[in-house]
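# Topology and contacts: notes
If you want the building blocks of each chain, they are given just below.
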Amino acid sequence: MQKQEQAENHRAASSELSITSSSSSSSSSISLICPPQGLMGDLRTPLVTMAAELIQDDFTVTRRVGETVSISCRGFGQCDSDYDYVYWYQKKDTETFRRILHINRFSGEVNSNYNHPQKDDFSAVMNQSRVELKIQKAKLLHSASYYCACWKRDLHRTAVYPYIQWYIFGSGTKLYVTDEQVVKPVVSVYPAASSAHPGGQSSLLCLASDMFPPLVKFSWERQKENGAVEKVTADQGEQLELRESGHTASILRINQENSTYKYLCSVEHESGTVKAQTEQEVPAAAASCPPERDLLALHRAQLIFQAECRVKLLVLLYTLLIVKSLVYCYSLYVMMIFRNMGPSTNGTLAD
């Protein structure tokens, strides 16, 4: 334990981490970790990033000034068993991550000696398998995103490193300290396009608007006719999210299948889960539709047929013009003959 405490103090040399984050939303993840001072030259403890994360069930928490705040974190089975500490970080929109405190997840002992400007406002407790960060009286300056973290280690040895070690973080909880009331989102779903995309794809759009706080999580489900409801997986549809002031949208791109499905959209919010009042039905792919290559061949054949018709029409037109010219010439010839025969006939009668 003494070695562990020494290593912990060594890691605590810096109370700030420079970490880039995609956003403060519920799906935010840590993509880059800069190790504390003093570890850069230690080749025995390299830090790498990892996709695994701890679990923070609440992605937003809204409180008034003076109210109590509790933010929980769980999923410590991923953490290194040799390091008993769970860390809490604060991230404001215009600032870097700042370490607030750490807590021993077995003994419950808390250490907040990290020079955080409001360190006396924070505490931490163990609650069964969870660690909770607490604020007894919320202030406006506490509005920020809060992340839990722990160390993880892989004992896979290489020629350079005896083991690999990295930080894993929670998904983050955004704290709003405000007088605004929590408002449920208005959810609606409708086709994102009037016709199917090339390649047999369709798009559905789920819109959440008029909510506070503005952060939401989307989920899509589908139901076959007279069948059970199932979640839409990544193989069944690609999901994209668009966030703007006042509303957030999720676009689901669906690969058309041989069955007809009804699609349902749900939105998870601090106020609860809200389901769209309407469903959208995506029909099965038409079996009579020819493949794309056949369509191209058919189109090419139509163009050839139209060209041949034009050629034949031109030949007929020129033929008619030639016949018309021949008839005209023959008429002139006959008229000239009768004109020349007229005077000679009159002269004979006079004699």
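Up top is the structure these notes are about.
Residues numbered from 1 in each chain as written. Predicted model: local features only at pLDDT ≥ 70, side-chain atom pairs only at ≥ 80, totals over all residues. Heavy atoms only, no water.

### Some points on the sheet that holds strand β7 (residues 122-127)
The condition is simple: Two strands pair under a simple rule: DSSP has to find at least two bridges between them. Here a helix means four or more residues in a row that DSSP labels H or I, a strand means two or more in a row labelled E, and each is numbered from the N terminus. For every element, the axis is a line fit to its C-alpha atoms; helices are fit only across the contacting stretch, and the angle between N-to-C directions ranges from 0 to 180 degrees.
Ordered by their spatial adjacency, three strands build an open sheet running β3-β8-β7, and the pairing between neighbours is antiparallel. Looking at the sheet topology across the chains shown, the edges are occupied by β3 (69-73) and β7. The mean angle between the axes of side-by-side strands here comes to 25°, regardless of whether they run parallel or antiparallel.

### Here we look at the state of the cysteines
Just so we agree on the cut-off: We call a pair of cysteine sulfur atoms a disulfide when they lie within 2.5 Å. Relative accessibility thresholds used throughout: buried, under 20% of the residue-type maximum; exposed, over 50%; partly exposed, between the two (1.4 Å probe, protein chains only).
The tally for this structure, following the rule as stated, stands at three disulfides. Across the disulfide from Cys-73 sits Cys-148; the S-S distance is 2.0 Å. Across the disulfide from Cys-73 to Cys-148, rotation about the S-S bond amounts to roughly 70°, and the bridge is consequently right-handed. Of this pair, Cys-73 sits in strand β3 while Cys-148 sits in strand β9 (residues 144-154), and the two are 75 residues apart along the sequence. Given a relative accessible area of 1%, Cys-73 falls into the buried group. Each sulfur of the disulfide joining Cys-206 and Cys-265 lies 1.9 Å from the other. Residues Cys-206 and Cys-265 share a disulfide whose torsion about the S-S bond is about -85°; that sign makes it left-handed. You can see Cys-206 sitting in strand β13 (residues 201-209) and its partner Cys-265 sitting in strand β18 (residues 261-269), a full 59 residues away along the chain. Taking the relative accessible area as the measure of exposure, Cys-265 reaches 2% and is therefore buried. By sequence-ordered numbering of the bonded cysteines, the chain has its disulfides arranged as 1-3, 2-4, 5-6.

### Quick notes on the sheet that holds strand β12 (residues 186-191)
Strand order in the open sheet made by the four strands is β12-β13-β17-β16, with antiparallel pairing throughout. Pairing within the sheet leaves two strands with one partner each, and these edge strands are β12 and β16 (237-244). Across the sheet, the axes of successive neighbouring strands diverge by a mean angle of 15°, strand direction being ignored. The sheet contact formed by β16 and strand β17 (residues 247-255) spans eight bridges and is antiparallel. Bridge pairing links Glu-238 to Arg-253 in β17.

### Quick look at a nonpolar patch on the surface
Defined as follows: Think of a patch as exposed residues, more than 30% relative accessible area, with no salt bridge, where like charges cluster within 9 Å and nonpolar side chains (Val, Leu, Ile, Met, Phe, Trp, Tyr) cluster within 5 Å. Shrake-Rupley sampling with a 1.4 Å probe provides the accessible areas, and residues are treated as covered by the protein chains on show and by no other component. Any Lys or Arg side-chain nitrogen located within 4 Å of an Asp or Glu carboxyl oxygen qualifies as a salt bridge.
Together, Tyr-330, Tyr-333, Ile-337, Phe-338 and Met-341 make up a nonpolar patch on the protein surface, roughly 600 Å² of accessible area in all. Mapped onto the secondary structure, Tyr-333 falls in helix α2 (residues 292-350). On the basis of relative accessibility, which here comes to 53%, the residue Tyr-333 falls in the exposed class.

### As for the environment of Asn-127
Counted only if it meets this: Think of a polar contact as two N or O atoms within 3.5 Å of one another; within protein, one of them needs to be a possible hydrogen donor and the other a possible acceptor, and neighboring residues in sequence only count if both atoms come from side chains.
Position of Asn-127 among the secondary structure elements: in strand β7. Residues Asn-127 and Ser-72 lie 55 residues apart in sequence; the distance between their C-alpha atoms is 8.9 Å. Reaching out from Asn-127, the side chain makes a polar contact with the side chain of Glu-132 at a distance of 3.0 Å.

### With respect to empty space enclosed by the protein
The criterion, for reference: Put simply, the grid is 1 Å and covers the protein atoms alone, a cavity is a trapped set of points that fit a 1.4 Å probe, a pocket is an open set with protein on both sides within 12 Å along at least five of seven lines, and lining residues have an atom within 4 Å of a point. Grid points are joined across faces, edges and corners, and a volume is the space filled by probe spheres set on the points. Only Asp, Glu, Lys and Arg are considered charged, only Ala, Val, Leu, Ile, Met, Phe, Trp, Tyr, Cys and Pro nonpolar, and every remaining residue, Gly among them, polar.
In this structure the tally under the stated criterion is two cavities of 30 Å³ or more. Space inside the largest cavity adds up to approximately 40 Å³. Lining the largest cavity, in full, are Arg-222, Ile-254, Asn-255, Gln-256, Glu-257, Ser-259, Tyr-261, Tyr-263, Val-282 and Pro-283. Counting residues per element, the ones that place at least two in the lining of the largest cavity are β17 and β18. Among the residues forming the lining of the largest cavity, the class breakdown is five nonpolar, three polar and two charged.

### Digging into the pairing of strand β11 (residues 173-177)
By the criterion of burial, β11 is predominantly enclosed, with five of the five residues buried. Judged by which residues are buried, β11 turns out to be covered on both faces: Thr-173, Leu-175 and Val-177 on one side and Lys-174 and Tyr-176 on the other are all buried. Bridge analysis of β9 against β11 gives three bridges, and the strand direction is antiparallel. In the strand pairing of β11, Ser-145 is matched with Lys-174.

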